[in-house]
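Observations on the three-dimensional arrangement
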Amino acid sequence: MKKIKILAVLIFLIVRPSLAQDAVDEELKSLIQKSIGYFPRIKELEQQVAISDFRKETVRSGYRPTVTGNASYSYMDPVSIIKIPTGATTYNEIQTQPYSNQNANV
């Protein structure tokens, strides 16, 4: 009789943890469902953080100086040349503009 009682107690102790695991599984399943339910909200909050960081950088860029540059090159041919007589047979030639014109601005 004592053997049966001891055996019953041992079976009860062995079965009881497995019953407790079923309760934990249900709780775990509910926690997983809740986390999946809140997942879009977490993504939305991460997106809002990224947007606020971008806005901060945009505001900071207004305080930074703006530097622009421009460079150009032009070649003109024919160029008008004025001949001014400086003597009986000599002429002084004046070119009104250069053949090559370079321009750079910062």
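The shown structure was predicted, so the numbers you read here are calculated from the model rather than taken from an experiment.

1. Comments concerning the pairing of strand 1 (residues 70-75)
Counted residue by residue, strand 1 has zero buried out of six residues, so it is predominantly exposed. Bridge analysis of strand 1 against strand 4 (residues 100-105) gives six bridges, and the strand direction is antiparallel. Bridge pairing in strand 4 places Asn70 opposite Asn105.

2. Let's talk about unusual backbone geometry
Backbone torsion omega between Asp77 and Pro78 reads 5°, so that peptide bond is classified as cis. If you trace the backbone, Pro78 turns up in the loop between strand 1 and strand 2 (81-85).

3. Looking at the pattern of salt bridges
Applying the stated criterion across every chain yields a total of three salt bridges. Between Lys56 and Asp53 there is a salt bridge, with the nearest N and O atoms lying 3.8 Å from each other. Residue Lys56 and its partner Asp53 are located together in helix 1 (residues 2-61), separated by three residues, close to a single helical turn. We classify Lys56 as partly exposed; its relative accessible area is 47%. Here Arg60 ties to Glu57 by a salt bridge, and the two come within 3.0 Å at their closest N and O atoms. Remark: Glu57 and Arg60 occur in helix 1; sequence separation between them is three residues, near one turn of the helix. Residue Arg60 is classed as partly exposed on the basis of its relative accessible area, which comes to 44%. Several salt bridges converge on common partners, so that one network encompasses Glu57, Arg60 and Arg64.

4. Remarks on the confidence of the model for the protein chain
When pLDDT is averaged along the protein chain, the result is 81; 89% of the residues meet or exceed 70. Here helix 1 is the element of the protein chain with the lowest mean pLDDT, 77, and strand 1 is the one with the highest, 92.

5. Quick notes on a nonpolar patch on the surface
On the surface, Ile6, Val9, Leu10, Phe12, Leu13 and Ile14 cluster together into a nonpolar patch covering about 620 Å² of accessible area. Looking at where Phe12 falls in the secondary structure, it is placed in helix 1.

6. As for the packing of aromatic side chains
For the structure on display, the rule yields one aromatic pair. Here the aromatic rings of Tyr75 and Tyr99 are separated by 6.3 Å at their centres, their planes lie at 25°, and the arrangement is stacked. Note that Tyr75 is positioned in strand 1 and Tyr99 in the loop between strand 3 (91-95) and strand 4, a separation of 24 residues in sequence. On the basis of relative accessible area, Tyr75 is assigned to the exposed category, the value being 52%.

7. Details of the environment of Gln95
Residue placement: Gln95 occurs in strand 3. Judged by its relative accessible area of 37%, Gln95 falls in the partly exposed class. When the C-alpha atoms of Gln95 and Lys83 are compared, they prove to be 8.8 Å apart, with twelve residues separating the residues in sequence. Residues contacting Gln95, with those up to four places away along its chain left out, are Val79, Ser80 and Ile81. Of note is the side chain of Gln95, whose polar atom sits 3.0 Å from the backbone oxygen of Gln97.

Parameters at a glance
What you see as residue numbers is a count from 1 along each chain, following the sequence as written. Only residues with pLDDT of 70 or above have their local features reported here, since the model is predicted, and side-chain atom pairs are shown and tallied only from 80 upward, although totals for entire chains, interfaces and linings are computed over all residues. Computation of side-chain values covers all heavy atoms of the structure but excludes hydrogens and water. Burial here depends on accessible area, computed with a 1.4 Å probe over protein chains only, as a share of the maximum for the residue type. Under 20% is buried, over 50% is exposed, and the range in between is partly exposed. Helical segments are the DSSP runs of H or I of at least four residues, strand segments are the runs of E of at least two, and each set is numbered from the N terminus. Following DSSP output, two strands are said to pair if at least two bridges run between them. Definition used for salt bridges: Asp or Glu carboxyl oxygen within 4 Å of a side-chain nitrogen of Lys or Arg. Each residue carries a pLDDT score, the predictor's own confidence in it, on a scale running from 0 to 100. Like charges are joined within 9 Å and nonpolar side chains (Val, Leu, Ile, Met, Phe, Trp, Tyr) within 5 Å, but only among residues with over 30% relative accessible area and no salt bridge; these make up the patches. Reported accessibility uses the Shrake-Rupley method at a 1.4 Å probe radius. Residues are deemed covered only where the shown protein chains occlude them. Working definition: rings of Phe, Tyr and Trp (its six-membered ring) pair if their centres are within 6.5 Å, and the pair is stacked with planes under 30 degrees apart, edge-to-face with planes over 60 apart, and tilted otherwise. In this description, contact between two residues means that some pair of their heavy atoms is separated by no more than 4.5 Å. Distance and chemistry together define a polar contact, namely a pair of N or O atoms within 3.5 Å, with one atom able to donate a hydrogen and the other to accept it when in protein, and with adjacent residues in sequence counting only for side-chain atoms on both sides.

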